[in-house]
Amino acid sequence: MIEFQHVSFAYEKGRSVIEDLSFRIGDGESVGLIGANGAGKSTVMKLMLGLLAGEGKILVDGSELNRANLSQIRRKLGFVLQNSDNQMFMPTVYEDMMFGPLNYMLSREEAERRVDAVLERLGLQALKHRHNHRISGGEKRMAAIATVLAMEPETILMDEPTSALDPYNRRIVINTIRELGQTKLISSHDLDMILDTCDRVILLSEGRIAADGPAERVLRDRALLEAHHLELPLRLA
Amino acid sequence: MNKMEKALHELSEMDDLAAQDSPVHRLHPTAKLLSTIAYIAVVVSFGKYQLGALAPMLLWPVLLFQVSGVSVRTCFYKLRIVLPLVMAVGLFNPFYDRAPMLYLGGVAVSGGVVSMLTLMLKGLLCLMASFLLMATTGIDSLCASLRRLHVPGMLVTLLLLTYRYVGVMTEELAVMTDAYHLRAPGQKGIHVSAWGSFLGQLLLRSMDRAQELYGSMLLRGYHEHFHYAPVRPFALPDGVYTLGCALVFLLLRRVDISQLLGSLLVR
Ligand SMILES: Nc1ncnc2c1ncn2[C@@H]1O[C@H](COP(=O)(O)OP(=O)(O)O)[C@@H](O)[C@H]1O
Ligand SMILES: [Mg+2]
């Protein structure tokens, strides 16, 4: 369970990006975090992961995020960055996937077994020994998801997982997300994808919550979406 | 591909070279690291006029090229940017040191020319040796073996990350030069007036990316040391190789083979 209690944050003094944000995500939920560019979606995720520190309380499974339990909490959360190039820093997909499990003191054999299992599940065996900067954008996004799954997190955070993908790769990513059993928080302005993958939607606007409810209801509300620079999902239009 | 992407591609080619298989590749990374350090130390220690005595040191890299299957052409191609810089070091010696030193077929050769050639050869040998080490070992095994030699973890991680971040910076540079040239068609290079802002942007963008990368490492449980792939144990042949190399280098340092051969022929 993840809970924000009156969280505020500013990159520069006096210019609040997140303002008095409170919400709660229960175990097993899949939540879409939607909002126009600059609404603060990425910032919310980075706060949750302790990459940024703001005011207010952030609780993960009941314990407040602080320096002492940071690494324990991070272990529960898997984060897929918006830009996969910034996520993958080892030479090959395999080495990148091994990086997390090895840091968590798994033996090499165990780690490799996990890596193989994830690759097989996602149908990515062919990528295993490829060089990270020689694979396509779509493959890279899938590989980034694979590196996170190899750590077996309880909750998965994805920042705009379908951005810059062609329709085919976008579909692959959507199907993969749908099959994940974990708690999910997915940020995007690709509302069709959110409709496909999430049960609940939080609409963020200028760092505040403008709506929070069942995906079917929020994503059907044309007036609400348009007031916050979004459009109805094509499927519902 | 623009120039920067080409540079990036080359960097990844080094990884490819290192992933190949040959008796040299199969040697223990520590054996290669130590022998390379010994080689460079010995090469550097030659006196500035000892051109003849230094020349036989060329044998080692030549042998390594042969056995490892790494092509000499690739080496010179990769080194094409640093090589001239290193070679330029001794360029002015001939102007300062004009006293004739030896006579080749009646032509006087000044000490300056000899010391220039010696310096150039030293530079060339050291570069080739370092290149061969990289081309047959790979950055990860190298770092792992540095750690085993008790080089501080911080330093080794720094080395590894620098190697990785060079890639990040080159990528940003590639994107930015493309963006620049699209709006300044027909212009060669980047105009001086734009250098300041260009460099500033490059730094900011690289820093942003480096920070995201570092964040992504932290999120995956990184605590200031890498878990390098296990390296097989240091075996007898590795020890023999390392010691053998060191002995031969020392021998070549003590005994001037060229002179020896010369005196044999003359007699
Ligand atoms: N590193 C930063 N420094 C200063 N301002 C930033 C930084 N990152 C983001 N911002 C600002 O914070 C706001 C929210 O950004 P972000 O969370 O990235 O939005 P989103 O992910 O919803 O597009 C934007 O106005 C953006 O300009
Ligand atoms: Mg964002």
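The structure displayed is predicted, hence computed values, not measured ones.

The biggest cluster of nonpolar side chains holds 53 residues, and the ones touching the most others in it are B:Tyr39, B:Met57, B:Trp60, B:Leu125, B:Phe131 and B:Phe226. It is helix α9 (residues 111–137) of chain B that provides the largest number of residues to this core, a total of 11 residues. When residues no more than four places from it in sequence are discounted, the contact partners of B:Phe131 are B:Met14, B:Leu17, B:Phe65, B:Val70, B:Thr74, B:Cys75, B:Lys78 and B:Leu79. The next biggest cluster of nonpolar side chains, apart from the first, holds 48 residues, and it includes A:Met88, A:Leu124, A:Cys198 and A:Leu232.

Glancing now at the domain arrangement of chain B. Residue and element names in this part refer to chain B. According to the domain assignment, chain B consists of domain 1 (20–137 + 231–260) and domain 2 (138–229). Between the C-alpha centres of domain 1 and domain 2 the distance comes to 30 Å. Every contact between the two is made by 10 residues of domain 1 and, on the other side, 11 residues of domain 2. Between domain 1 and domain 2, the buried area comes to about 890 Å², and carbon and sulfur atoms account for 69% of it. Our enumeration of links across domain 1 and domain 2 arrives at zero salt bridges.

Let us look at the pattern of salt bridges. Taken as a whole and assessed by the stated rule, the structure comprises 20 salt bridges over all chains. One salt bridge in this structure joins B:Arg26 and B:Asp21, with 2.8 Å as the shortest N-O distance. On the accessibility criterion, B:Arg26 (48% relative accessible area) is partly exposed. Each of the salt bridges in this network shares a partner with another, and the network as a whole consists of A:Glu29, A:Arg200 and A:Asp212.

A few words on the site of ligand 1. Residues and elements named next belong to chain A. Lining the immediate environment of ligand 1, one finds Tyr-11, Glu-12, Val-17, Ala-36, Asn-37, Gly-38, Ala-39, Gly-40, Lys-41, Ser-42 and Thr-43. One of the backbone nitrogen or oxygen atoms of Lys-41 is found 2.8 Å away from an oxygen atom of ligand 1. Here an oxygen atom of ligand 1 sits 2.7 Å away from a polar atom, N or O, in the side chain of Ser-42. Relative to its unbound accessible surface of 560 Å², ligand 1 loses 61% to contact with the protein. At three residues, helix α1 (residues 41–48) tops the list of elements feeding residues into the shell around ligand 1. Of the residues in the shell around ligand 1, the class split is four nonpolar, five polar and two charged.

A word on the interface of chain A and chain B. Often, the extent of an interface is quoted as the loss of accessible area upon association of its parts. Every contact between the two is made by 28 residues of chain A and, on the other side, 27 residues of chain B. Across the chain A to chain B interface the summed buried area is about 2400 Å²; carbon plus sulfur atoms make up 57%. On the chain A side of the interface with chain B, the three residues burying the most area are A:Asn86, A:Phe89 and A:Asn103, jointly 24% of the side's total. Where chain A packs against chain B, one counts two salt bridges. In this structure, A:Asp96 and B:Arg220 form a salt bridge, with 2.9 Å as the shortest nitrogen-oxygen distance. Taken together, chain A and chain B are joined by seven residue pairs in polar contact (both at pLDDT 80 or more). Secondary-structure elements contributing two or more residues to the side of chain A that touches chain B are α2 (70–76) and α3 (93–103) of chain A. The element contributing the most residues to the side of chain A that touches chain B is α3(A), with six residues. Looking at the side of chain A that touches chain B residue by residue, the classes come out as 13 nonpolar, eight polar and seven charged.

With that settled, consider the sheet that holds strand β4 (residues 55–60) of chain A. Residue and element names in this part refer to chain A. Strand order across the open sheet formed by four strands is β2-β1-β4-β5, with antiparallel pairing between neighbours. The open sheet has two edge strands, β2 (15–25) and β5 (63–64), and neither has a second partner. Examined bridge by bridge, strand β1 (residues 2–12) and β4 share five bridges and lie antiparallel to one another. Note that in β4 the partner of Ser-8 across the bridge is Glu-55.

Moving on, we come to a nonpolar patch on the surface. A cluster of nonpolar side chains, namely B:Tyr49, B:Met101, B:Leu102 and B:Leu104, defines an oily patch on the protein surface of about 350 Å² accessible area. Turning to its location among the elements, B:Met101 is positioned in strand β1 (residues 100–104).

Since the α-helix turns once every 3.6 residues, residues separated by three or four places project in the same direction. All names here are of chain B. Counted residue by residue, helix α10 (residues 139–148) has seven buried out of 10 residues, so it is predominantly covered. Among the residues making up α10, those that are buried are Ile-139, Asp-140, Leu-142, Cys-143, Ala-144, Ser-145 and Leu-146. Trailing α10 by a residue or two, His-150 shows a phi angle of about 65 degrees, which is positive.

Along the chain, B:Gln187 turns up in the loop between α11 (153–183) and α12 (192–219). Once the C-alpha coordinates of B:Gln187 and B:His227 are considered, the two residues, 40 residues apart in sequence, prove to be 46 Å apart.

Further remarks concern the environment of B:Ala144. Residue and element names in this part refer to chain B. Tracing the chain through its elements places Ala-144 in helix α10. You can call Ala-144 buried: its relative accessible area is 7%. Along the chain, Ala-144 and Pro-230 lie 86 residues apart, while their C-alpha atoms are 8.1 Å from each other. Setting aside residues no more than four positions away along its own chain, Ala-144 makes contact with Tyr-228 and Val-231.

Parameters at a glance
- Residues numbered from 1 in each chain as written.
- Chains lettered and ligands numbered in written order.
- Predicted model: local features only at pLDDT ≥ 70, side-chain atom pairs only at ≥ 80, totals over all residues.
- Heavy atoms only, no water.
- Core = buried A, V, L, I, M, F, W, Y, C linked by side-chain atoms within 4.5 Å.
- Buried < 20%, exposed > 50% of the residue type's maximum accessible area, 1.4 Å probe, protein only.
- Helix = DSSP H or I, 4+ residues; strand = E, 2+ residues; numbered from the N terminus.
- Contact = heavy atoms within 4.5 Å.
- Domains from an automatic or database assignment.
- Buried area = accessible area lost by both parts, 1.4 Å probe.
- Salt bridge = Lys/Arg side-chain N within 4 Å of Asp/Glu carboxyl O.
- Near = heavy atom within 4 Å.
- Polar contact = N/O pair within 3.5 Å; in protein donor to acceptor, adjacent residues only side chain to side chain.
- Areas by Shrake-Rupley, 256 points an atom, 1.4 Å probe, with all protein chains shown as cover.
- Nonpolar A, V, L, I, M, F, W, Y, C, P; charged D, E, K, R; others polar.
- Pairing = 2+ DSSP bridges.
- Patch = residues over 30% accessible without salt bridge, like charges linked within 9 Å, V, L, I, M, F, W, Y side chains within 5 Å.

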